[in-house]
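Letter by letter, the chains look like this.
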Amino acid sequence: MAIFPLRISGLRFRPNGREVLAGIDLELGDEGITLVLGPNGAGKSVLLRAICGLVEASGGSMAWGDEGARRPEQGVMMVFQRPMMLRASVLYNVALGLKPLGLRADERRRRALAMLERVGLADRAADSARHLSGGEQQRLGLARAWLTKPRLLLLDEPTASLDPSASAEVERIIREIRTDGTRILMVTHNLAQATRLGDDIVFVSGGRVCEHTAVREFFSRPRSEEARLFIQGELPWKMRFQGA
Ligand SMILES: Nc1ncnc2c1ncn2[C@@H]1O[C@H](COP(=O)(O)OP(=O)(O)OP(=O)(O)O)[C@@H](O)[C@H]1O
């Protein structure tokens, strides 16, 4: 089943009557890296969780592919800021992603080792995953997801709290995953990273998409006052939560 274009219309999430997603409209084609920017509390992570089905929307719709399926059967993966690690080796944690495919154990091991090579963790295969640094854990999370060849990969601030060299390594891997044919939707607070990595920007504020434009256009000619103030670091705290 083709899952693109993904058309999101009027998506709402209102836990206890509080408007977290206030009617998200967004369309994603089948290629590239889209960066989600916006102030704290804007609803960026909730949007990603809603797309991968971890949060149940209170209203609106998502239509996957030309047939407008309500849910994708497979092919959507999400990597969190702190990826989940089992109390087991790095190799075991990566190979875990292949379990649902019903492959033999030696094939899972072979593919997982090859993937660890690609993310620069081959020499850590036997170590405890929980002893990895934050940057290494993020690379492990990316490897685990990449191994399943997802069509859409959702990344929630994958370089938050990483130093510049660990961030650069994670960015390299993200580019490779994209080159390998995976569509990426990624939340970041790092504007320089957005210019390095993104094809287009989705700017979210107050639970709405205020603009969705090419990266260069977003930074040179932001359409909304909120985006302009955000880029300049001057978005007043009241507007952050109330939207435009
Ligand atoms: N499952 C949930 N139930 C109720 N409220 C939630 C839930 N998940 C998130 N929220 C609330 O929704 C709001 C938006 O959260 P979200 O994590 O999406 O913000 P964000 O834009 O990712 O912010 P940040 O940049 O700080 O990570 C927050 O006020 C948060 O407390």
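The chain is annotated in an unreviewed UniProt entry as Phosphate ABC transporter ATP-binding protein from Thauera mechernichensis. Regarding the chain, the UniProt comment filed under Subcellular location (unreviewed entry) reads as follows: "Cell membrane".

J.: So what's going on with the overall build of the chain? Which residues, and what values?
T.: A count of helical and extended segments in the chain gives nine helices and nine strands. Structurally, the chain occupies a C-alpha span of about 55 × 40 × 35 Å along its principal axes. In the chain, which comprises 244 residues, the proportion classed as buried is 40%. Put simply, 68% of the contacts in the chain that link residues at least 6 apart link residues at least 24 apart.

J.: Tell me what's going on with the nonpolar core, and back it up with residues and numbers.
T.: Most often, soluble globular proteins have nonpolar side chains that are buried together. With 65 residues, the main nonpolar core has Val36, Leu47, Val94, Leu116 and Ala143 as its most contacted residues. Among all residues touching Val36, those that are not within four sequence positions of it are Lys44, Leu47, Leu185, Met186, Val187, Val202 and Val204.

J.: Which residues make up the site of the ligand, and what are the values?
T.: Neighbouring the ligand are Pro15, Val20, Gly38, Asn40, Gly41, Ala42, Gly43, Lys44, Ser45, Val46 and Val55. Class assignment for the residues of the shell around the ligand results in five nonpolar, five polar and one charged.

J.: An account of the UniProt feature "domain: ABC transporter" (unreviewed entry) in the chain is needed here, citing residue identities and associated values.
T.: Using the residue numbers shown here, the UniProt feature "domain: ABC transporter" (unreviewed entry) corresponds to residues 6-231. The annotated region residues 6-231 carries 34% helix and 24% strand content, and the separation between its end C-alpha atoms amounts to 27 Å.

J.: A description of helix 4 (residues 134-146) should follow, citing residues and the corresponding values.
T.: An α-helix turns once every 3.6 residues. As a result, residues three or four positions apart point the same way. Taking 1.5 Å per residue, 13 residues should reach 18 Å; helix 4 reaches 18 Å between its end C-alpha atoms and fits that length. With 11 of 13 residues buried, helix 4 is to be regarded as a mostly interior element. Every buried residue of helix 4 is accounted for by Glu136, Gln137, Gln138, Arg139, Leu140, Gly141, Leu142, Ala143, Arg144, Ala145 and Trp146. Its buried side turned inward, helix 4 meets strand 5 (76-79), helix 2 (90-95), helix 3 (105-118), strand 6 (152-156) and helix 5 (164-179).

About the criteria used
- Residues numbered from 1 in each chain as written.
- Predicted model: local features only at pLDDT ≥ 70, side-chain atom pairs only at ≥ 80, totals over all residues.
- UniProt positions renumbered as here; feature names shortened; annotations may be inferred.
- Helix = DSSP H or I, 4+ residues; strand = E, 2+ residues; numbered from the N terminus.
- Buried ≥ 20, exposed ≤ 12 C-beta atoms within 10 Å, placed from the backbone.
- Contact = placed C-beta atoms within 7 Å.
- Core = buried A, V, L, I, M, F, W, Y, C linked by C-beta atoms within 7 Å.
- Near = placed C-beta within 6 Å.
- Nonpolar A, V, L, I, M, F, W, Y, C, P; charged D, E, K, R; others polar.
- Expected span 1.5 Å × (residues − 1).

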